[in-house]
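Examining the three-dimensional arrangement
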Amino acid sequence: MSATVRPMTHDDVVAASQAQVSAFDDLDRRRHETPMPTPTDAIWERIRLRHHHLIDTDPGGSWVAEIDGNVIGCALALKRETYWGLSLLVVDPTVQSSGAGRKLLDASLTYGEGCDRWIILSSSDERAIRLYATSGFELYPQVYGTGKPDPKALPALRNRVRDGSVDDTALADDVDRIVRGAPRGPDHVRMATDMPLFIADDVDGKGYAYIRQDGEVYCLGATNEATATALLWRCFAYAHEADRPVGVIDMNAEQQWAISMAFQARLKVQPAGPVFWRGTTPPKAFLPSGAYL
Ligand SMILES: CC(C)(COP(=O)(O)OP(=O)(O)OC[C@H]1O[C@@H](n2cnc3c(N)ncnc32)[C@H](O)[C@@H]1OP(=O)(O)O)[C@@H](O)C(=O)NCCC(=O)NCCS
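The rules we used
Throughout this description, residue numbers start from 1 for each chain and increase along the sequence as written. Restriction of local features to residues with pLDDT of at least 70 applies here, the model being predicted, together with a cutoff of 80 or more for giving and counting side-chain atom pairs; totals for whole chains, interfaces and linings are based on all residues. A run of DSSP states H or I qualifies as a helix once it reaches four residues; a run of E qualifies as a strand once it reaches two. Both are numbered from the N-terminal end. Given a helix with a known number of residues, its expected span is that number minus one, times 1.5 Å. As a rule, residues whose C-beta atom has 12 or fewer other C-beta atoms within 10 Å are exposed, those with 20 or more are buried, and those in between are partly exposed; C-beta atoms are placed from the backbone. Note on contacts: each residue gets a C-beta atom placed from the backbone, and two residues are in contact if those atoms are within 7 Å. Note that domain bounds follow an automatic or database assignment of domains. Polar here means any residue outside two lists: the nonpolar Ala, Val, Leu, Ile, Met, Phe, Trp, Tyr, Cys and Pro, and the charged Asp, Glu, Lys and Arg; Gly therefore counts as polar. Comment: axis = line fitted to C-alpha atoms, over the contacting stretch for helices; angle = value between 0 and 180 degrees taken between N-to-C directions. Crossings are assigned a handedness: left-handed for a near helix turned anticlockwise from the far helix by less than a right angle, right-handed for a clockwise turn. At least two DSSP bridges between two strands are required for those strands to pair. All residues are tested the same way: a C-beta atom is placed from the backbone, and lying within 6 Å of a molecule or strand makes the residue near it. As used throughout, a nonpolar core is a set of buried Ala, Val, Leu, Ile, Met, Phe, Trp, Tyr and Cys residues joined through C-beta atoms within 7 Å of each other.

What follows covers helix 2 (residues 41-57). A rise of 1.5 Å per residue sets the reference length of helix 2, with its 17 residues, at 24 Å; its end C-alpha atoms lie 24 Å apart and thus fit the reference within 8%. All of the buried residues in helix 2 are Arg50, His51, His53, Leu54 and Ile55. Next to the buried residues of helix 2 lie helix 1 (13-30), strand 2 (62-67), strand 3 (70-80), strand 4 (83-91) and helix 6 (186-194).

The next subject is the domain arrangement of the protein chain. The extent of an interface is frequently quoted as the accessible surface area lost upon association of the parts. The domains assigned to the protein chain are domain 1 (4-115) and domain 2 (145-287). Using only C-alpha atoms to locate each centre, domain 1 and domain 2 end up separated by 25 Å. Taken together, the six residues of domain 1 in the interface contact eight residues of domain 2. Residue composition of the side of domain 1 that touches domain 2, by class: one nonpolar, three polar and two charged.

Here we come to the packing of helix 1 against helix 2. Where helix 1 meets helix 2, the closest approach of the two axes is 10 Å, and the angle between their N-to-C directions is 115 degrees. For the crossing formed where helix 1 meets helix 2, the hand is right-handed. Residues Val13, Ala16, Ser17 and Gln20 of helix 1 pack against Trp44, Ile47, Arg48, His51 and His52 of helix 2. Of the residues belonging to the contact of helix 1 with helix 2, the class tally is four nonpolar, four polar and one charged.

What follows deals with the pairing of strand 3. With nine of its eleven residues buried, strand 3 lies for the most part within the structure. The sheet contact formed by strand 2 and strand 3 spans six bridges and is antiparallel. Of the residues in strand 3, the one forming a bridge with Ser62 is Leu76. Taking the residues that link successive antiparallel strands as the turn, the strand 2-strand 3 hairpin has two residues, and the phi of Asp68 there is positive, at about 50 degrees. In the sheet, strand 3 pairs with strand 4 via eight bridges, with the strands oriented antiparallel. Across the sheet, the residue bridging to Gly73 is Val91, located in strand 4. Counting the residues that bridge the hairpin from strand 3 to strand 4 gives two residues, and of these Glu81 lies at a positive phi of roughly 55 degrees.

Moving on: the site of the ligand. Close to the ligand lie 22 residues; Gln96, Ser97, Gly101, Ser123 and Asp125 are nearest. Contributions of two or more residues to the shell around the ligand are made by helix 1, strand 4, helix 3 (100-110) and helix 4 (126-133). Here the shell around the ligand gets five residues from one element, more than from any other, and that element is helix 4. When grouped by side-chain class, the residues that make up the shell around the ligand number nine nonpolar, eight polar and five charged.

Now for the sheet that holds strand 8 (residues 197-202). Taken together, the five strands give an open sheet; going across it, the order is 7-8-9-10-13, and neighbouring strands pair in antiparallel fashion. Each edge of the sheet is formed by a strand with only one pairing partner; in this case those strands are strand 7 (161-163) and strand 13 (286-287). When strand 10 (residues 217-222) meets strand 13, the two strands line up antiparallel, connected through two bridges. Counterpart to Gly221 in the pairing with strand 13 is Phe286.

This paragraph deals with the packing of helix 7 (residues 225-241) against helix 8 (residues 256-264). Two elements in contact, helix 7 and helix 8, have axes separated by 10 Å at closest approach and are oriented at 35 degrees. Here the hand of the crossing between helix 7 and helix 8 comes out right-handed. Residue-level inspection shows Glu225, Ala228, Thr229 and Leu232 of helix 7 in contact with helix 8, the latter providing Trp257, Ala258 and Met261.

Let's shift gears to the sheet that holds strand 4. Ordered by their spatial adjacency, eight strands build an open sheet running 1-2-3-4-5-12-6-11, and the pairing between neighbours is mixed. Of all strands in the sheet, those bounded by a partner on one side alone are strand 1 (4-7) and strand 11 (246-252). Here the average twist between neighbouring strands, direction ignored, is 25 degrees. Here strand 1 pairs with strand 2 via four bridges, running antiparallel. Each residue of the ladder has a partner; that of Pro7, found in strand 2, is Trp63. The sheet contacts of helix 2 involve strand 2, strand 3 and strand 4, and relative to strand 3 the element is tilted by about 60 degrees.

Let's shift gears to the nonpolar core. The biggest cluster of nonpolar side chains holds 84 residues, and the ones touching the most others in it are Cys74, Leu220, Leu231, Leu232 and Cys235. Per element, the largest residue contribution to this core is nine residues, and it comes from helix 7. Lining this core are residues from two domains, each supplying at least three of them: domain 1 (4-115) and domain 2 (145-287). In this structure, Leu232 is in contact with Ala209, Val217, Leu220, Ala258 and Met261, ignoring residues within four places of it in sequence.

Listed below in structure tokens is the structure:
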């Protein structure tokens, strides 16, 4: 039986989160990568929080697919002014390749009507790549870097970067207007509440960077590459101080400054899923967030 799609509600979050975890676990196994450990309660909470947040901010971009009344997948898209981003697209592995993903993507794209900048961070799943490439998006290959930063590579940081807080979200929105053409609004509040934030704000430039407690650089935006570089070094230093690996997940050819830093810090750099853009090319002083793009 083929899937049908309908708008997602908060009641769907448990089933949609389960589909998300199963889909990415299956993808890791198909790619012969070490699957993520079984989610702890805290990780389930984090996964569900993202669904609830986007259902609240973007009910028109939140969709589920059902078969026989059971939720088997979801799409979460966000719209900030005229910027559209796909935060999540998953279908349960037991029913993949039967058209549900295409239906979910098409529904989420209708939500972007009138937008002029569109972004999708793709996994390496061949179906995902086909879906986006055949929906009017341009493909940009990416790499990701992980590992403990080499302390010998960490530069002495000029006092350009300070710790930030939710009080800095207006500044971060100003940066986003410049670098990606639209503010993040409620997403900055969400991220600044959930994880450490670093801020640069001086005559040489403005910018922000979020890093998750586990060391993943969550997203970064700056008015120029020098400021972006200072912020990313601060993230590397944060991971080093915490004795944790750092992860820089999405870097494409426009972000040579970040790729070069990953090599300088002796991170392991590997191919990642591509990023897709429509209506514009990738910003330079920018590392998108998987959840809030
Ligand atoms: C990516 C995903 C959401 C797609 O959903 P799906 O229901 O499996 O995909 P569909 O059946 O709609 O197929 C999508 C396209 O891939 C094609 N396709 C299906 N199986 C394929 C395969 N094994 N290899 C290549 N292409 C395939 C389909 O023909 C379709 O293209 P078309 O509409 O032009 O004919 C789903 O497979 C998934 O959850 N994957 C793991 C998680 C993931 O990577 N999510 C994407 C995050 S960006």
